[in-house]
Amino acid sequence: MLYATRMLGLFMVLPVFMLYGEHLQGATPALLGLALGAYGLSQAVLQVPFGALSDRFGRKPLIIAGLLIFAGGSILAATAEHIYGVILGRVLQGAGAIASVLMALLSDLTSEESRTKAMALVGMSIGLSFTLALILGPLLGELWGLAGIFWFTAAMAVFGLYWVIRHVPEPARLTRNRDTRLFVDQVRDVLRERDLVRLDAGIFCLHLVLTAMFVAVPVSLVNEAGVGAPSHWWFYLSVMLLSFLAMVPFIVLAEKRHVLKQVFLGALVLLGLSAMSMTMTRHQALASWLSLFGFFMAFNFLEASLPSLVSKLAPAGSRGTAMGVYSTGQFLGAFVGGVSGGWVLSLHGLVGVYVLVGVVVALWGVLAWGMHNPTTKGVTVGYARSADAAEIDALRESLLALDGVEEVVILPQEKIIHLKVKLLGYDEAGAESALAHLK
């Protein structure tokens with residue numbers, strides 16, 4: 001709930017900001033783009049400090065502080081009459097960087113067996129928030145204007161405060177869990193993994209092109225396709241709903257047939273071509289709808305695949321660190337997308353923004369071409385087991401002797417055993433047998 005309400009507030013301005021923000025004093029396309037993506041910079045810079053402070057002072061106090069900062073930024077943006085006031089408000093919104101703290105709290109409150117499902121639910125809530133924001137943003141913008149959206153976002157932050165105080169449990173004990181706490185050596189391990197670096201660059205590019213697209217698409221729909229702002233909610237609703245349904249079979253195909261890399265690269269091609277096609281289809285509503293359908297079909301697949309791949313390919317015992325680096329890339333991408341999209345719009349117009357998106361996706365495709373298929377590369381699995389110090393060496397040797405096991409990390413204090421294994425050929429039954437005597 002915390003994740004969903006917070007992201008809903010951040011996402012709601014995407015489909016309407018370029019339309020309603022032009023009435024602000026001093027507004028230019030470049031400054032509007034900066035305001036749109038400004039939250040991403042402060043988010044990226046403060047994720048790690050917030051996480052580290054939560055290790056020392058507790059998760060809930062840092063979440064409450066982050067929500068108060070987020071609410072303050074929303075109120076500042078709502079009351080601002082000049083574009084610089086909105087930019088400052090957006091930076092302050094992002095300064096409530098509690099994503100890493102929420103993930104750490106989630107890990108504190110869940111067992112190793114349940115954690116993947118819990119993380120998946122968070123991912124689903126973000127996707128749902130994004131879809132709902134594309135519908136609510138135009139509706140609230142028509143009713144209350146841009147200031148009304150920011151006031152609604154502040155109200156969501158206040159609701160979040162109520163929710164964390166009344167309904168989110170406090171961890172029974174706070175441990176320095178290597179799976180969620182950032183260590184210098186773990187960061188080094190993560191950055192050594194070429195496929196993880198490709199994925200981090202990928203989420204940077206994906207959110208760059210998403211933010212850049214929303215610099216251009218709302219203006220394009222109103223000025224060139226003849227779709228008035230009050231009608232944008234149903235336009236986005238139909239695109240998002242149908243593109244999500246169309247994407248699901250490809251996720252199933254990628255997992256069942258072990259062709260994730262091939263489908264992933266195909267989604268990149270569709271993403272780039274759909275964005276570039278807007279240079280030709282932007283004058284007609286149905287043609288624009290088809291281009292955006294293709295874009296969001298690819299976007300939804302990539303958005304769902306990237307965090308799953310990061311979790312699978314992270315070095316044993318460093319999944320939390322890998323997700324922290326990944327999140328930093330995501331927020332930086334949103335910032336760069338807003339700034340570059342607004343700058344290109346001011347210099348080269350709408351066509352320039354769509355070409356920018358196509359070029360970024362093409363560069364991403366070149367980088368992604370060398371990625372390994374996860375079925376042939378090791379993935380991380382975890383077991384919640386407690387091993388005595390005296391038997392750690394013997395247990396590690398017995399696990400490494402199993403087919404498909406490439407690396408073993410045993411954390412006795414955290415009662416977790418991480419195995420880096422090959423997805424195909426992993427002797428899961430042997431691992432269960434070797435760990436059966438452990439509690």
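Details of the structure are given in the entry above.
A. Quick look at the overall build of the protein. When you go through the protein residue by residue, the secondary structure sums to 15 helices and 3 strands. In the protein, which comprises 439 residues, the proportion classed as buried is 55%. In the protein, the proportion of contacts linking residues at least 24 apart, taken out of those at least 6 apart, comes to 80%. Surface summary for the protein: the accessible area is close to 18200 Å², and the carbon and sulfur share equals 67%.

B. Looking closely at helix α5 (residues 83-95). Taking 1.5 Å per residue, 13 residues should reach 18 Å; α5 reaches 18 Å between its end C-alpha atoms and fits that length. Those residues of α5 lying buried are I83, G85, V86, I87, G89, R90, Q93, G94 and A95.

C. Looking closely at a nonpolar patch on the surface. A contiguous nonpolar patch, built from L139, W233, W234, L237, L241, L242, F244, L245, V248 and V252 and spanning about 860 Å² of accessible area, is present on the exposed surface. It is helix α10 (residues 232-256) that contributes the most residues to the nonpolar patch, 9 residues altogether. Along the polypeptide, L242 turns up in helix α10. A relative accessible area of 41% places L242 in the partly exposed class.

D. Seen up close, the side chain of T281. With respect to the helices, strands and loops of the structure, T281 is situated in helix α11 (residues 260-281). By relative accessible area, T281 is classed as buried at 16%. For T281, the side chain forms a polar contact with the side chain of S291, separated by 2.9 Å. When neighbours within four sequence positions are excluded, T281 is seen to be in contact with A287, S288 and S291.

E. View of the side chain of H232. Residue position: H232 is located in helix α10. Judged by its relative accessible area of 1%, H232 falls in the buried class. Ignoring sequence-local partners within four residues, the contact set of H232 consists of P15, L19, P138, P218, L221, V222 and V227.

F. Just the packing of aromatic side chains, in detail. Evaluated as defined, the whole model comprises 15 aromatic pairs. Here F159 and W163 contribute two aromatic rings whose centre-to-centre distance is 5.7 Å and whose plane-to-plane angle is 35°, an arrangement assigned as tilted. Placement of the pair is F159 and W163 together in helix α7 (residues 112-166), with a separation of 4 residues, close to one helical turn. Given a relative accessible area of 30%, F159 falls into the partly exposed group. Ring geometry for F295 versus F296: centroids 5.2 Å apart, planes at 85°, classification edge-to-face. Comparing F295 with F296, the two get one shared label, buried.

G. Region of interest: the environment of W234. Structurally, W234 is set in helix α10. The exposure class assigned to W234 is partly exposed, which follows from its relative accessible area of 42%. Spatially, the C-alpha atom of W234 lies 9.2 Å from that of P138, the residues being 96 residues apart in sequence. Side-chain polar atoms of W234 contact the backbone oxygen of S231, separated by 3.0 Å.

Rules behind the numbers
Residues numbered from 1 in each chain as written. Predicted model: local features only at pLDDT ≥ 70, side-chain atom pairs only at ≥ 80, totals over all residues. Heavy atoms only, no water. Helix = DSSP H or I, 4+ residues; strand = E, 2+ residues; numbered from the N terminus. Buried < 20%, exposed > 50% of the residue type's maximum accessible area, 1.4 Å probe, protein only. Contact = heavy atoms within 4.5 Å. Areas by Shrake-Rupley, 256 points an atom, 1.4 Å probe, with all protein chains shown as cover. Expected span 1.5 Å × (residues − 1). Patch = residues over 30% accessible without salt bridge, like charges linked within 9 Å, V, L, I, M, F, W, Y side chains within 5 Å. Salt bridge = Lys/Arg side-chain N within 4 Å of Asp/Glu carboxyl O. Polar contact = N/O pair within 3.5 Å; in protein donor to acceptor, adjacent residues only side chain to side chain. Phe/Tyr/Trp six-rings, centres within 6.5 Å; stacked < 30°, edge-to-face > 60°.

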